[in-house]
Amino acid sequence: MNKVGLIVPTLNAGSPWKHWLKALEQQTRKPDMLLVIDSMSSDSTAVLALAYGFDVQVITKSEFNHGGTRQAGVNRLSAMDIIVFLTQDALLAAPDAIEKLLVGFDDERVGAVYGRQLPHRNAGPIAAHARLFNYPADGGRQRALKDRARFGIKTAFISNSFAAYRRSALMQVGGFPVDTIMNEDTYVAGKMLLSGWRIAYCPDAQVFHSHDYGFLEEFRRYFDIGVFHARTPWLQETFGGASGEGLRFVISEMRYLMKHAPWLIPSAVLRTALKWLGFKLGALHQGLPQAIRRRFSLHKTYWLRTLP
């Protein structure tokens, strides 16, 4: 049987953290090793994690990096065959969520598996649609490099909020990039596909995870996505751009809101414009002063250690 490790980056997880830990405790397949990488939380996040059996590694907030921090955790769990990643706000939806996620590795061609994300019960319609669009209920699927002609950039879609990686496949492609602003999961998925591995989606493995972003957060998040793609041009060169998928999302969102919350359509239109503007500015970030990049960015500490 594969040895399974779990890695959770944390920062001030707050009152929901205890519910998160209880949901993990109830899992039918418990990981063999538990690691929290905590960015100096000022609440009880680290203390509770220790009480529930986690090994806790504390880093400074400025040390945290989406790819580098996760790879440090992978290096620490070197004896594990499968590494599961969860975020502190992704609540396991059922006791067999991890067990079902691991089923994806029964196929030896699969390098990574991600599960379905359901909107939180109090999620707004815009946030709910985003989860329903990206994580459909229909049957599981695998994607290989040959599927890029059909799915484009979506071929490399994955999410570290609830995903697992075959450690040998992850290390074969060089692990997570040690300094990336975000989307370290997409980077690794793309590298795995290029190396002949497959990415699997298991909709029966589920977590509750959604965000009701504000307008400025949407802009900043997409600015960072634009930065990521500008600094990893091989992804779009290999799989194609995201414009087709973006249009499909907008059409789907309008139809969903027309049915469930038509009064939010103006808000959704404004959000779409802010996403587009943020992405374009992020793609052109090298022409912007460093101070402006930090102001536009959601992940501001990235710019403290990043060369122009």
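Everything below is about the structure shown above.
Here the structure is a predicted model, which is why all the values come from computation and not from measurement.

Turning next to helix H3 (residues 66–76). Because the α-helix completes a turn every 3.6 residues, residues three or four places apart line up on one side. Counting buried positions over the 11 residues of H3 gives 8, a clear majority of the element. Residues of H3 that are buried: His66, Gly67, Gly68, Thr69, Arg70, Gln71, Gly73 and Val74. Where H3 is buried, its residues touch strand E1 (4–10), strand E2 (33–38), strand E4 (82–86), helix H7 (167–172) and helix H8 (184–194). Looking at where H3 begins, the residue whose side-chain oxygen comes 3.1 Å from the main-chain nitrogen of Gly67 is Asn65.

A word on the packing of aromatic side chains. Following the criterion strictly, the structure yields 14 aromatic pairs and no others. Between Tyr114 and Phe157 the ring centres are 5.6 Å apart and the planes differ by 75 degrees, which places this aromatic pair in the edge-to-face class. Here Tyr114 is found in strand E6 (residues 110–118), whereas its partner Phe157 is found in the loop between helix H6 (148–151) and strand E8 (162–166), with 43 residues between them in sequence. In terms of burial, Tyr114 and Phe157 fall into one category: buried. Plain terms: the ring middles of Tyr187 and Trp234 are 5.4 Å apart, the flat faces sit at 80 degrees to each other, and that makes the pair edge-to-face. With a gap of 47 residues between them, Tyr187 in helix H8 and Trp234 in helix H10 (residues 233–239) connect regions that are remote in the sequence. An identical accessibility class is assigned to Tyr187 and Trp234; each is buried. An aromatic cluster is present here, built from Tyr114, Tyr135, Phe157 and Tyr201 joined pairwise through their rings. Here the guanidinium or amino end of Lys191 rests over the ring plane of Trp234, the centre of that ring lying 4.4 Å away.

Moving on, we come to the pattern of salt bridges. Across all of its chains, the model carries 10 salt bridges by this definition. Its salt-bridge partner being Asp55, residue Arg76 comes within 3.1 Å of it at the nearest N-O pair. In this pair, Arg76 is assigned in helix H3 and Asp55 in strand E3 (residues 55–58), connecting sequence segments 21 residues apart. Among the residues examined, Arg76 registers a relative accessible area of 40% and is labelled partly exposed. Notably, a salt bridge pairs Asp96 with Lys100, separated by 3.2 Å at the nearest N-O pair. What makes Asp96 partly exposed here is its relative accessible area of 23%. Classification of Lys100 by relative accessible area gives partly exposed; the value is 34%. Counted as one network, the salt bridges with shared partners bring together Lys154, Glu245 and Arg248.

Criteria and thresholds
- Residues numbered from 1 in each chain as written.
- Predicted model: local features only at pLDDT ≥ 70, side-chain atom pairs only at ≥ 80, totals over all residues.
- Heavy atoms only, no water.
- Buried < 20%, exposed > 50% of the residue type's maximum accessible area, 1.4 Å probe, protein only.
- Helix = DSSP H or I, 4+ residues; strand = E, 2+ residues; numbered from the N terminus.
- Contact = heavy atoms within 4.5 Å.
- Polar contact = N/O pair within 3.5 Å; in protein donor to acceptor, adjacent residues only side chain to side chain.
- Phe/Tyr/Trp six-rings, centres within 6.5 Å; stacked < 30°, edge-to-face > 60°.
- Lys NZ or Arg CZ within 6 Å of the ring centre and 35° of its normal.
- Salt bridge = Lys/Arg side-chain N within 4 Å of Asp/Glu carboxyl O.

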